[in-house]
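Residue-level structural notes
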Amino acid sequence: MHIRDANRQDLPAIVAIYNLAIPSRMVTADTHAVSVASRERWFEEHSPDHRPLWVAQENDTVVGWMSFSSFYGRPAYHATCEIAVYLAPDQQRRGLGTALLRHGIDYAPKIAVTTLLGFIFAHNQPSLRLFEKLGFQRWGHLPRVAVLDGIERDLVIVGLRI
């Protein structure tokens, strides 16, 4: 597996992987597929020297991605980022998520990020285990803040100081 900066040609694969996660109701609060066009602005908000967006590639195929996103959009939070990891379903449990997340942790100081946050549904135990394995701690619990298919879901905030 090779991790590299995402480029515009990767956006359809990034969106496809994201859309594959929606039906599981484990990873995202989106309930319907998103379009490539709807994610173009989000893509433009990323850059290698500020808020990276990386893809994991195997044999010329994008199999996963990771992004840094600004937290709360206010200047005082500039050194804090939300980090998100998405893998194609057939690529999970192969160590790719660990590799991507570790890459993000190691890269954070290069872009002056001192705090990483993850927002994970409480019922998504695999993701919680992944983040906790790499040193993230539970910093917050928001009970029943999302409703997916009529079921109220809790959100766990995990954090790591770099």
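Before any of the text, the structure's been laid out above.
All of these numbers come straight from a predicted model, not from anything done at the bench. (Residues numbered from 1 in each chain as written. Predicted model: local features only at pLDDT ≥ 70, side-chain atom pairs only at ≥ 80, totals over all residues. Heavy atoms only, no water.)

Any two side chains of opposite charge can pair, on the condition that their charged atoms come close. Taken as a whole, this structure holds seven salt bridges when the rule is applied. A salt bridge links E45 to R41; the shortest N-O distance between them is 3.8 Å. Given the relative accessible area of 67%, R41 is considered exposed. Notably, a salt bridge pairs R138 with E132, separated by 2.5 Å at the nearest N-O pair. You can call R138 partly exposed: its relative accessible area is 45%. (Salt bridge = Lys/Arg side-chain N within 4 Å of Asp/Glu carboxyl O. Buried < 20%, exposed > 50% of the residue type's maximum accessible area, 1.4 Å probe, protein only.)

The contact between helix 3 (residues 96-107) and helix 4 (residues 125-133) brings their axes to 10 Å, and the two run at 45 degrees. As the angle between them shows, helix 3 and helix 4 are arranged oblique. Like other packed secondary-structure pairs, helix 3 and helix 4 cross with a definite hand, here right-handed. Each of G97, T98 and L101 in helix 3 lies in contact with helix 4, whose residues at this interface are L130, F131 and K133. Its residues placed into classes, the contact of helix 3 with helix 4 shows three nonpolar, two polar and one charged. (Axes fitted to C-alpha atoms, helices over the stretch in contact; angles between N-to-C directions. Helix = DSSP H or I, 4+ residues; strand = E, 2+ residues; numbered from the N terminus. Parallel < 35°, antiparallel > 145°, perpendicular 65-115°, else oblique. Left-handed = near helix turned anticlockwise from the far one by under 90°. Contact = heavy atoms within 4.5 Å. Nonpolar A, V, L, I, M, F, W, Y, C, P; charged D, E, K, R; others polar.)

Let's shift gears to the packing of aromatic side chains. The tally for this structure, following the rule as stated, stands at nine aromatic pairs. Measuring from ring centre to ring centre gives 5.4 Å for W42 and W65, while their planes differ by 70 degrees; the resulting arrangement is edge-to-face. With W42 in helix 2 (residues 40-44) and W65 in strand 3 (residues 61-70), this residue pair connects regions lying 23 residues apart in the sequence. The class of W42 is buried, set by a relative accessible area of 14%. Aromatic side chains W65 and Y86 sit 4.7 Å apart centroid to centroid with 15 degrees between the ring planes, which places their arrangement in the stacked category. Of this pair, W65 sits in strand 3 while Y86 sits in strand 4 (residues 80-87), and the two are 21 residues apart along the sequence. The pair formed by W65 and Y86 is uniform in burial state, with each residue classed as buried. By way of ring pairs, the aromatic residues Y18, W42, W65 and Y86 are connected into one cluster. Above the face of the Y18 ring, R39 is positioned so that its terminal group lies 5.3 Å from the ring centre. The ring of W42 carries R39 above its face, with NZ or CZ at 4.3 Å from the centroid. (Phe/Tyr/Trp six-rings, centres within 6.5 Å; stacked < 30°, edge-to-face > 60°. Lys NZ or Arg CZ within 6 Å of the ring centre and 35° of its normal.)

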